[in-house]
Amino acid sequence: MKPDFFIDYRSTDTEAVVFWDLPETATKDSTYNIYLDGSKAGTSKRTHFSFHELPPKTAHEVKIEMLVSPADSDTKAISLGIITVETKAVKKALDITKAPYNAVGDGKVLNTSAIQKALDACGPDSFVYIPSGTFLTGALNMHSDTELYVDEGGLLQGTSDPSDYLPMIKSRFEGYERECYRSLINMGELDHDSDYNCRNVVIRGKGSIMGGGWELAKAIAKLEAVRLKDFIASLGDKIKEYEKPETIAHRARGRLINMSNCQNVWISGLTLGFGASWNLHFVYSDNVVTDHCTIRSEGVWNGDGWDPDSSTNSSIFACDFYTEDDSVAIKSGKNPEGNIINRPSKNIRVFDCICHFGHGLCIGSEMSGGIEGVRLWDCDMGPTWSGIEIKGTKKRGGYVRDVVVRNITASHVMIHSVTFNDDGEGHPVPPVFEDCHFEDMHLLGRFLDNNAGKNDWHDCPSILLCGFDKPGHEAKNITFKNIEMENPAEGTDSIHMEYCGDGITFEGMRSVPRR
């Protein structure tokens, strides 16, 4: 294996999840043997494995082997690596319903102060425990070395009152640093020139964390529309550069979970959703891991699921998305601010996820700081609007490179320029889209529009490649290998290309009947 082959883990006192890169030689039929302290613990068809009932505060040797085909014997297994997994010490539970916190889970009492008191008291040797019940709250802050556990039947429910998310904080939304309403859960303080200021945070459990949703979003936008009335009026025709007139007022919305300048955050096992805008958003952050979660935003305009923003070394896996907008959106700022700050998103992994609808995986359109090292595998993104999309406006600058996609079902693949979300002073040169590889995919050649409760399918090319018309900024070094494309609709090309440069290759392409 390559020396940079990735194996990592996260653990509690009695459980651990180990996850690893898809090997270069893996096929759709590959399986994995997992050994714990020399004994076989199980097998997996996916590149992750969970352990249960481990003893606390112990170290274990975990070995991963790959069988290229199920017919292979264990003696033909390929060793992928060994990692030492350490479980944590048992922590003390800070039950929010007990003294001195005395939160009430009736869905009516506002518990912001009580829950915040418990979070403030939480340290490395304890965790905040939310039992069964509906606990209504406004914005909450988590600091370094805190853990929040929501038990089965427990619901942390954000209010729909904007005043519960004040005072506003410095944040980043759609590529610009600005003041925003606080999110339901907030970590770290935004500073693009500083180091990480919030570390080692865990949010997990079997319950749910839900925001104020569209009702909160509309209430915030209404207030902002009044506050920004003169500014919006002063834009004149420039308002056309925004997605739509109400876009500006909506940029003050908070998220469900906001992470700024954070490092080592683990979010696991929960149902999350209905933030006023995006759900999990992390900016200038590193090593954020999200697994075995369900993320929802039906009915929330611009309701993204998981958004790395100028962030690095982060993974999401074994998650289900029911999002009104992008399931995953990888960002790095908007021109000109993103070009100047120049903090790219790097080394982002998305695997074993299902997008039940929504827009799929999108890179951009805010990508002025650059995006590279994206790996996507073993996902189903068939019933989505965008499938897999790399996008940026001609004004963005920046780049997207080194994207590898394998073993995926998707509605379609798009690498192209877009015209929406186009405010901001333009960069002197367009973006660059280059060095992307797509392999072992099934493409539908049609996309699902589920916005505003619709359920309409539309025909489209399975592959759209469209770079920029400035010499040197064409799409280049884009390869497709072993791709199934469902038969196109009459009058529609399976592959459409414009402004493409060197290194566009197709190998093992085949048309198959529509499913």
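What this report covers is the structure whose coordinates are included nearby. (Residues numbered from 1 in each chain as written. Predicted model: local features only at pLDDT ≥ 70, side-chain atom pairs only at ≥ 80, totals over all residues. Heavy atoms only, no water.)

Some thoughts on the packing of aromatic side chains
Okay, step 1: By the definition in use, this model includes 16 aromatic pairs.
Okay, step 2: An angle of 15° between the planes, with centres 6.3 Å apart, marks the rings of Tyr129 and Tyr149 as stacked. Of this pair, Tyr129 sits in strand E10 (residues 126-130) while Tyr149 sits in strand E13 (residues 147-150), and the two are 20 residues apart along the sequence.
Okay, step 3: Note on Tyr149: relative accessible area 14%, which makes it buried.
Okay, step 4: Between Phe351 and Trp377, the ring centres sit 4.5 Å apart and the planes meet at 5°, which makes this aromatic pair stacked. With Phe351 in strand E30 (residues 345-351) and Trp377 in strand E33 (residues 371-381), the pair connects residues that are 26 residues apart, well separated along the chain. You'll find Phe351 and Trp377 in the same group, each marked buried.
Okay, step 5: Counting every residue linked through ring pairs, the aromatic cluster contains Phe6, Phe19, Phe317, Phe351 and Trp377.
Okay, step 6: Arg401 extends its terminal NZ or CZ atom over the ring of Tyr399, reaching a point 3.8 Å from the ring centre.
Okay, step 7: When the ring centre of Trp457 is taken as origin, the NZ or CZ atom of Arg446, which lies over that ring, is 5.5 Å away. (Phe/Tyr/Trp six-rings, centres within 6.5 Å; stacked < 30°, edge-to-face > 60°. Helix = DSSP H or I, 4+ residues; strand = E, 2+ residues; numbered from the N terminus. Buried < 20%, exposed > 50% of the residue type's maximum accessible area, 1.4 Å probe, protein only. Lys NZ or Arg CZ within 6 Å of the ring centre and 35° of its normal.)

A few points about the sheet that holds strand E5 (residues 48-51)
Okay, step 1: The antiparallel open sheet is built from three strands, whose spatial order is E1-E2-E5. Each edge of the sheet is formed by a strand with only one pairing partner; in this case those strands are strand E1 (7-11) and E5. Strand-to-strand twist of the sheet, defined as the mean angle between neighbouring strand axes without regard to direction, takes the value 15°.
Okay, step 2: With four bridges connecting them, strand E2 (residues 16-20) and E5 associate as antiparallel partners. Bridge assignment links Phe19 to a residue of E5, and that residue is His48. (Pairing = 2+ DSSP bridges. Axes fitted to C-alpha atoms, helices over the stretch in contact; angles between N-to-C directions.)

Details of helix H1 (residues 112-121)
Okay, step 1: What H1 keeps buried is the set Thr112, Ala114, Ile115, Gln116, Ala118 and Leu119.
Okay, step 2: Residues of H1 that are buried sit in contact with strand E8 (92-95), strand E9 (106-110), E10, strand E11 (133-137), strand E12 (140-142) and strand E14 (154-158). (Contact = heavy atoms within 4.5 Å.)

Regarding the side chain of Asn339
Okay, step 1: As for its position among the elements, Asn339 is in helix H5 (residues 337-341).
Okay, step 2: Residue Asn339 is classed as buried on the basis of its relative accessible area of 17%.
Okay, step 3: Engagement of the side chain of Asn339 in a polar contact is seen with the backbone oxygen of Ser368, the distance being 3.2 Å. (Polar contact = N/O pair within 3.5 Å; in protein donor to acceptor, adjacent residues only side chain to side chain.)

Observations concerning the environment of Lys394
Okay, step 1: Within the secondary structure, Lys394 is located in the loop between strand E34 (388-392) and strand E35 (399-410).
Okay, step 2: Sequence-wise, Lys394 and Phe447 are 53 residues apart; in three dimensions their C-alpha atoms are separated by 24 Å.
Okay, step 3: Contacts of Lys394, omitting those with residues within four sequence positions, involve Ser417, Val418, Val429, Pro430, Pro431, Phe468 and Asp469.
Okay, step 4: Among the polar contacts listed, one links the side chain of Lys394 to the side chain of Asp469, at a separation of 2.7 Å.

Here's the deal with the side chain of Asp286
Okay, step 1: Here Asp286 lies in strand E24 (residues 286-291).
Okay, step 2: For Asp286, which is buried and forms no salt bridge, the nearest opposite charge comes from Arg10, at a distance of 7.9 Å.
Okay, step 3: Side chain to side chain, Asp286 and Thr312 meet in a polar contact 2.7 Å long.
Okay, step 4: Those residues within four positions of Asp286 in sequence are excluded, and the remaining contacts are Tyr196, Cys262, Gln263, Asn264, Thr312, Asn313 and Ser314. (Lys, Arg positive; Asp, Glu negative; His and termini not counted. Salt bridge = Lys/Arg side-chain N within 4 Å of Asp/Glu carboxyl O.)

Brief notes about the pattern of salt bridges
Okay, step 1: Counted according to the given criterion, the structure contains 26 salt bridges.
Okay, step 2: Note that Lys63 is salt-bridged to Glu65, the shortest N-O span being 3.3 Å.
Okay, step 3: On the accessibility criterion, Glu65 (10% relative accessible area) is buried.
Okay, step 4: Of the charged contacts in the structure, one is a salt bridge between Asp459 and Arg514, with a shortest N-O distance of 3.0 Å. In this pair, Asp459 is assigned in strand E39 (residues 456-459) and Arg514 in the segment after strand E43 (505-512), connecting sequence segments 55 residues apart.
Okay, step 5: Of the residues examined, Arg514 reaches a relative accessible area of 34% and is grouped as partly exposed.

Things to note about the sheet that holds strand E3 (residues 31-36)
Okay, step 1: Here four strands make up an open sheet; going across it, the order is E4-E3-E6-E7 and the pairing antiparallel. Edge positions in the sheet fall to strand E4 (39-44) and strand E7 (78-86), since each of these pairs with one other strand and no more. With strand direction ignored, the average angle separating the axes of adjacent strands in the sheet is 25°.
Okay, step 2: Relative to E7, strand E6 (residues 59-67) runs antiparallel, the two being bridged by eight bridges.

Here's the deal with the pairing of strand E23 (residues 280-283)
Okay, step 1: Residues Leu280 and Phe282 point to one face of E23 and His281 and Val283 to the other, with burial holding for every one of them.
Okay, step 2: Sheet topology places strand E20 (residues 257-260) next to E23; four bridges connect them, and they run parallel. Its bridge partner being in E23, Met259 is matched across the sheet by Phe282.

A look at unusual backbone geometry
Okay, step 1: Backbone torsion omega between Ala99 and Pro100 reads 10°, so that peptide bond is classified as cis.
Okay, step 2: Considering the arrangement of structural elements, one finds Pro100 in the loop between E8 and E9.
Okay, step 3: Pro167 follows Leu166 through a cis peptide bond whose omega is 0°.
Okay, step 4: Following the sequence through the fold, Pro167 ends up in the loop between E14 and strand E15 (169-173).
Okay, step 5: Positive phi outside glycine occurs at Asn347, with the angle close to 60°.

Quick word on the environment of Phe420
Okay, step 1: Note on placement: Phe420 falls in the loop between strand E36 (413-417) and strand E37 (432-443).
Okay, step 2: Accessibility expressed as a relative area gives 33% for Phe420, which makes it partly exposed.
Okay, step 3: Along the chain, Phe420 and Lys240 lie 180 residues apart, while their C-alpha atoms are 8.6 Å from each other.
Okay, step 4: If sequence neighbours within four positions are ignored, Phe420 has contacts with Ser365, Lys391 and Thr393.

The quantities given are spatial measurements derived from coordinates; they are silent on function.
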